[in-house]
Amino acid sequence: MFATRVLRAARGPKANITGFDMRAFKEAAGSGRYDPWERADAWRYTGTFSRWNRFKGSLPGLGTASVAFAGYCVYEHFFLQDEHHGTEHHGDKHD
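Residues numbered from 1 in each chain as written. Predicted model: local features only at pLDDT ≥ 70, side-chain atom pairs only at ≥ 80, totals over all residues. Heavy atoms only, no water.

**Remarks on the overall build of the chain**
- Looking only at helices and strands, the chain has five helices and zero strands in total.
- In the chain, the order of α-helices and β-strands from amino to carboxyl end is α-α-α-α-α.
- Taken over 95 residues, the chain has a buried fraction of 1%.
- Here the chain displays about 10000 Å² of accessible surface, and carbon together with sulfur accounts for 60% of that area. (Helix = DSSP H or I, 4+ residues; strand = E, 2+ residues; numbered from the N terminus. Buried < 20%, exposed > 50% of the residue type's maximum accessible area, 1.4 Å probe, protein only. Areas by Shrake-Rupley, 256 points an atom, 1.4 Å probe, with all protein chains shown as cover.)

**Things to note about a nonpolar patch on the surface**
- Together, Tyr72, Val74, Tyr75, Phe78, Phe79 and Leu80 line one region of the surface with nonpolar side chains, adding up to about 670 Å² of accessible area.
- Counting through the fold element by element, Phe79 comes out in helix 5 (residues 62–79).
- Among the residues examined, Phe79 registers a relative accessible area of 61% and is labelled exposed. (Patch = residues over 30% accessible without salt bridge, like charges linked within 9 Å, V, L, I, M, F, W, Y side chains within 5 Å. Salt bridge = Lys/Arg side-chain N within 4 Å of Asp/Glu carboxyl O.)

**Some details on the packing of aromatic side chains**
- Enumeration over the complete set of coordinates arrives at two aromatic pairs.
- Taking the centre distance of 5.8 Å and the plane angle of 45° together, the rings of Phe20 and Phe25 count as tilted.
- Where Tyr75 meets Phe79, the ring centres are 5.5 Å apart and the plane angle is 35°; that geometry is what we call tilted. Of the two residues, Tyr75 and Phe79 both sit in helix 5, four residues apart, roughly one turn of that helix. (Phe/Tyr/Trp six-rings, centres within 6.5 Å; stacked < 30°, edge-to-face > 60°.)

**Quick notes on helix 1 (residues 3–11)**
- In terms of burial, helix 1 is a largely surface element, zero of the nine residues being buried.
- Within two residues after helix 1, Gly12 carries a phi angle of roughly 100°, on the positive side.

**A closer look at a positive patch on the surface**
- A surface patch of positive charge is lined by Arg5, Arg8, Arg11 and Lys14.
- Along the polypeptide, Arg5 turns up in helix 1. (Lys, Arg positive; Asp, Glu negative; His and termini not counted. Charge placed at Lys NZ, Arg CZ, Asp CG, Glu CD.)

**Thoughts on the confidence of the model for the chain**
- Looking at the chain, the pLDDT average stands at 79 and 80% of residues meet or exceed 70.
- The lowest-confidence element of the chain is helix 1, averaging 75 in pLDDT; the highest-confidence one is helix 5, averaging 95. (pLDDT = per-residue confidence, 0-100.)

Here you go:
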């Protein structure tokens, strides 16, 4: 064994010049789950600001427009049919 290691072991633990004790820090920290900003951010994900409520109004007129367009398509199909569908040719009446 080296002489320096023997002398260090005889002196005891090395003095901490910063005053920071890592063991005391780990004991004070407790579990790693604690988030000091969790309560401040909780409003973002509840109530009015939940995920469903944020995206619910993203396309406000899409439902109404889809129903109106489908209604028009049904009306056009059943009530607005051509009376002369395919009977008139553009080249027949020319002299």
